[in-house]
Amino acid sequence: MAKHVFNAGPCLLPDKVYDKAVDAIRNFAGTGVSLLSISHRTKEWDAVMDGTRALWKELLDIPEGYETVFLGSGASMQFLMTPMNFLEKKAGYLDTGVWASKALKEAKGLGDASAIASSKDRNYCYIPKGYEIPSDLDYFHITTNNTIYGTQIHEDIDCPVPLIADMSSDILSRPVDVGKYAMIYGGAQKNAGTAGVAFCIIRKDALGKVSRYIPTMLDYRVHIDKLSMFNTPPVFSIYVMYETLKWVKEMGGVKALQEINKRKARTLYDEIDRNSLFRGTADVADRSQMNICFVMTPGNEALADEFLAFSKERDIVGIKGHRSVGGFRASTYNACTQEDVDTLVKAMQDFEKQHA
């Protein structure tokens, strides 16, 4: 029986993408050579790189003046590369969780960087509001979706300075006004493919404004100029990204997926709010549609391990909360189906009946 996978990342991918990847490992693009052995200096590989860039542009309606690069590193490397390329005098960060604070830590190592607002006071269960963004910042950095705490910025914010966003865990789940950002980046292993590659969508005229020496491998301009192949790219991860983007297009694009994701999230949140054994951990207004976090209600905490075992018996995988916060987390990324969510909801209902 197929598993119902709610892993936070690497996460579930569409069956079609698995099939395409397996075929390419055996015989890539009719070359008779495995994808794992293909030279990245072939016309067949060039077609994948060109197609992947074109799909990003189409799916997110990326304006002219932007380039998309694919780097053999996760989003965590962009925590360093961002200030290396953009921080000259001062940068501001919105501190909404572990990954946002890690990004800020890297920037502090290179210059004057600080949190403009933070939700740490309530264990990151909400998105800060009512803060002012100083006009003298080189850039303002946000993390649009917080996987550990289950909060999300649902709309593109207006920003008086260059805006940079880590969209690792909600990219391609909703439309984005790319023109509002100097850069959008993220690890692929949520909605854009598998682990091993990061995407960066960069407004080219935002680069070249720092006076520091930038090491070659950390300079976004180098990777733009070399079409993401300054060094050997992570071919397997990029190919999986390519097939994932094709699937997103076949599904009707990000607007269609947004509606599907809203429906899945509503189904699960409604059950969390109804069920006497569970409660959500994020403020209702800021609840994530990608990472749905919840715990046992007061007095029922001892049932947590039993519920995990109960769910496992129903082929539900990956709902244990992050080790730093505990509880439960159901990651309902694009490839997660309504059936997966319905199965989890049924398990919650049955578990409640068992303990009524």
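This one's a predicted model, so the numbers in the text were calculated from it and none came from an experiment.

Peer 1: What exactly am I supposed to notice about the overall build of the protein here?
Peer 2: When helices and strands are counted, the protein shows 9 helices and 14 strands. Each principal axis of the C-alpha atoms in the protein carries an extent, and together these give about 65 × 55 × 30 Å. Residues counted as buried form 54% of the 356 residues belonging to the protein. Partitioning the contacts of the protein with sequence separation of at least 6, the portion at a separation of at least 24 is 66%. Per element, the accessible surface of the protein, about 15300 Å² overall, is 50% carbon and sulfur.

Peer 1: Any chance you could explain the packing of helix α1 (residues 15-26) against helix α6 (residues 235-250) here in plain terms?
Peer 2: When two helices pack together, their arrangement is given by the angle between the helix axes and by the axis-to-axis distance. Between α1 and α6, the shortest axis-to-axis distance is 9 Å and the interhelical angle comes to 140°. In the packing of α1 onto α6, the handedness of the crossing is right-handed. Counted together, Lys-16, Val-17, Lys-20, Ala-21, Ala-24 and Ile-25 of α1 and Phe-236, Tyr-239, Val-240, Glu-243, Thr-244, Trp-247 and Glu-250 of α6 form the full contact between these two elements. Looking at side-chain class alone, the contact of α1 with α6 contains 8 nonpolar, 1 polar and 4 charged residues.

Peer 1: So what exactly am I meant to see when it comes to the sheet that holds strand β14 (residues 328-331) here?
Peer 2: Consider a sheet: its strands pair through backbone hydrogen bonds, and that pairing is either parallel or antiparallel. Taken in spatial order, the 3 strands make up an open sheet running β11-β12-β14, and their pairing is antiparallel. Two strands in the sheet have a free side with no partner beyond their single neighbour: β11 (278-280) and β14. When strand polarity is set aside, the average angle formed by the axes of neighbouring strands in this sheet is 35°.

Peer 1: Explain the pairing of strand β3 (residues 90-95) here, please?
Peer 2: Successive side chains on a regular strand alternate, one facing one side of the sheet and the next facing the other. Most of β3 sits out of view: 5 of its 6 residues are buried. The pairing of β3 with strand β4 (residues 112-118) spans 6 bridges and is classified as parallel. Residue pairing in the sheet places Ala-91 in a bridge with Ala-113 of β4. Note on the crossover from β3 through helix α4 (residues 98-108) to β4: the handedness is right-handed. Alignment of β3 against strand β5 (residues 139-143), held across 3 bridges, turns out to be parallel. By the bridge assignment, Ala-91 is partnered in β5 with Tyr-139.

Peer 1: Which parts of the structure should I look at to understand the environment of Val-240?
Peer 2: On the secondary structure map, Val-240 appears in helix α6. Overall, Val-240 belongs to the buried group, its relative accessible area being 3%. Once residues lying within four places of it in the same chain are set aside, the contact partners of Val-240 are Leu-13, Val-17, Ala-21, Gly-193 and Thr-194.

Peer 1: Where do I start with the side chain of Asp-95 in this structure?
Peer 2: Position of Asp-95 relative to the elements: it lies in strand β3. Comment: no salt bridge for buried Asp-95; closest opposite-charge side chain is Lys-120, at 6.0 Å. Polar side-chain contacts of Asp-95 include one of 2.8 Å to the side chain of Ser-118. Filtering out sequence-adjacent residues up to four positions away, Asp-95 remains in contact with Ala-100, Ser-101, Ala-115, Ala-117, Ser-118, Ser-119, Lys-120, Tyr-124 and Pro-128.

Peer 1: Would you take a moment to explain unusual backbone geometry for this structure?
Peer 2: Excluding glycine, residues mostly carry a negative phi; peptide bonds, for their part, are mostly trans. Of the consecutive residues Gly-9 and Pro-10, the connecting peptide bond is found in the cis state with omega at -5°. The residue Pro-10 is located in the loop between β1 (4-5) and α1 in this model. One non-glycine residue, Tyr-124, lies in the positive phi region at around 60°. With respect to the helices and strands, the residue Tyr-124 is situated in the loop between β4 and β5.

Parameters and conventions
Residues numbered from 1 in each chain as written. Predicted model: local features only at pLDDT ≥ 70, side-chain atom pairs only at ≥ 80, totals over all residues. Heavy atoms only, no water. Helix = DSSP H or I, 4+ residues; strand = E, 2+ residues; numbered from the N terminus. Buried < 20%, exposed > 50% of the residue type's maximum accessible area, 1.4 Å probe, protein only. Contact = heavy atoms within 4.5 Å. Areas by Shrake-Rupley, 256 points an atom, 1.4 Å probe, with all protein chains shown as cover. Axes fitted to C-alpha atoms, helices over the stretch in contact; angles between N-to-C directions. Left-handed = near helix turned anticlockwise from the far one by under 90°. Nonpolar A, V, L, I, M, F, W, Y, C, P; charged D, E, K, R; others polar. Pairing = 2+ DSSP bridges. Right-handed = clockwise from strand over helix to strand, strands pointing away. Lys, Arg positive; Asp, Glu negative; His and termini not counted. Salt bridge = Lys/Arg side-chain N within 4 Å of Asp/Glu carboxyl O. Polar contact = N/O pair within 3.5 Å; in protein donor to acceptor, adjacent residues only side chain to side chain.

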